[in-house]
Amino acid sequence: MTQDELKHLVGRAAANYVLSNVAQGAVVGVGTGSTVNFFIDELAAMKDRFRGAISSSIASTERLKKHGISVLELDEIETLPVYVDGADEIDHSGHMIKGGGGALTREKIVAMVAQTFVCIVDESKRVDRLGKFPLPVEVIPMARAALMRRLAALGGEPVVRLAKDQSVFVTDNGNTIIDVHGLRIDDPEALEAEINGWPGIVTVGLFAQRGANICLLGSAKGVERID
Ligand code: 5RP
């Protein structure tokens, strides 16, 4: 199976999870990325069963609206039963690296509110130790050079993310992303706390303190649910 076919498989499995586990009329949290796009397309077929979605990016909002799915503001709700999102890496404890698509800050906010985080990935994303995928860090542009020096001091190689046209990539929040290559991540929760504590950091793409509750892992054998 191709990676896209595996992404489609887990996207469909996540829609089935929502159908079986989320009460009719509830709001669903929706992440960002190519795997989530398959989930959104599957969700469209059952859009009458739920009230709407909380979206983690402009791109997902546009896709949801194209399907006629209502997108609510986070301020409009108090509880969110489920949040479905992809990841760039996930370890055996449900800790993740996220932000390959640049939506890490809003993703972390929606994940914070959700009761259950369902991570949907193909098997290439499952790792024993996080860090092969460059760690995305969203920063306030003014702090860019100073934070690159601090990130380099941790042992990584920080690189400013560029857009397709080679201009500096700008997040939905108007900020910059630094991708940190080659970082050794022994304790994801401690590293998340440390980096998040620095002035100028908006979000680090480590999702360890609030990891995934359930992982739907797609492989040629099908979809495995890991709790
Ligand atoms: C976006 C993310 C995505 O979930 C992550 O990059 C995985 O994307 P894809 O499903 O396209 O591989 O964190 O910020």
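Thresholds, definitions, all that
Residues numbered from 1 in each chain as written. Predicted model: local features only at pLDDT ≥ 70, side-chain atom pairs only at ≥ 80, totals over all residues. Near = placed C-beta within 6 Å. Helix = DSSP H or I, 4+ residues; strand = E, 2+ residues; numbered from the N terminus. Nonpolar A, V, L, I, M, F, W, Y, C, P; charged D, E, K, R; others polar. UniProt positions renumbered as here; feature names shortened; annotations may be inferred. Buried ≥ 20, exposed ≤ 12 C-beta atoms within 10 Å, placed from the backbone. Contact = placed C-beta atoms within 7 Å. Axes fitted to C-alpha atoms, helices over the stretch in contact; angles between N-to-C directions. Parallel < 35°, antiparallel > 145°, perpendicular 65-115°, else oblique. Left-handed = near helix turned anticlockwise from the far one by under 90°.

## With respect to the site of the ligand
- If you check the shell around the ligand, you find 17 residues, and the closest are G33, T35, G86, G100 and G101.
- Sorting the residues of the shell around the ligand by element identifies α2 (34–44) and α4 (104–113) as the ones contributing at least two each.
- Split into classes, the residues belonging to the shell around the ligand amount to three nonpolar, 10 polar and four charged.

## Observations concerning the UniProt feature "active site" (unreviewed entry) in the protein chain
- Per the UniProt entry, the sites bearing "active site" (unreviewed entry) are E107 in this numbering.
- Judged by the 31 C-beta atoms lying within 10 Å of it, E107 falls in the buried class.
- The contact partners of E107, leaving out residues within four places of it in the chain, are G31, T32, S56, D85 and K98.

## Examining α4
- Taking burial as the measure, the 10 residues of α4 include seven buried ones, the bulk of the element.
- Within α4 the residues assigned to the buried category are L104, T105, R106, E107, K108, V110 and A111.

## Brief notes about the packing of helix α1 (residues 3–21) against α2
- At their nearest, the axes of α1 and α2 sit 8 Å apart, and the two run at 45° to each other. Between α1 and α2, the angle falls in the class oblique. Crossing handedness for the pair α1 and α2: right-handed. Across the interface between the two elements, K7, H8, V10, G11, R12, A14 and A15 of α1 pack against S34, T35, F38, F39, E42 and L43 of α2.
- Among the residues forming the contact of α1 with α2, the class breakdown is six nonpolar, four polar and three charged.

## Things to note about the packing of α2 against helix α3 (residues 58–66)
- Interaxial distance between α2 and α3 falls to 10 Å at its minimum, and their mutual angle equals 20°. Comparing their axes, α3 and α2 come out roughly parallel. Note on packing geometry: the crossing formed by α2 with α3 is right-handed. Between α2 and α3, the residues in contact are V36, N37 and I40 and S60, R63 and L64, respectively.
- Broken down by class, the residue content of the contact of α2 with α3 amounts to three nonpolar, two polar and one charged.

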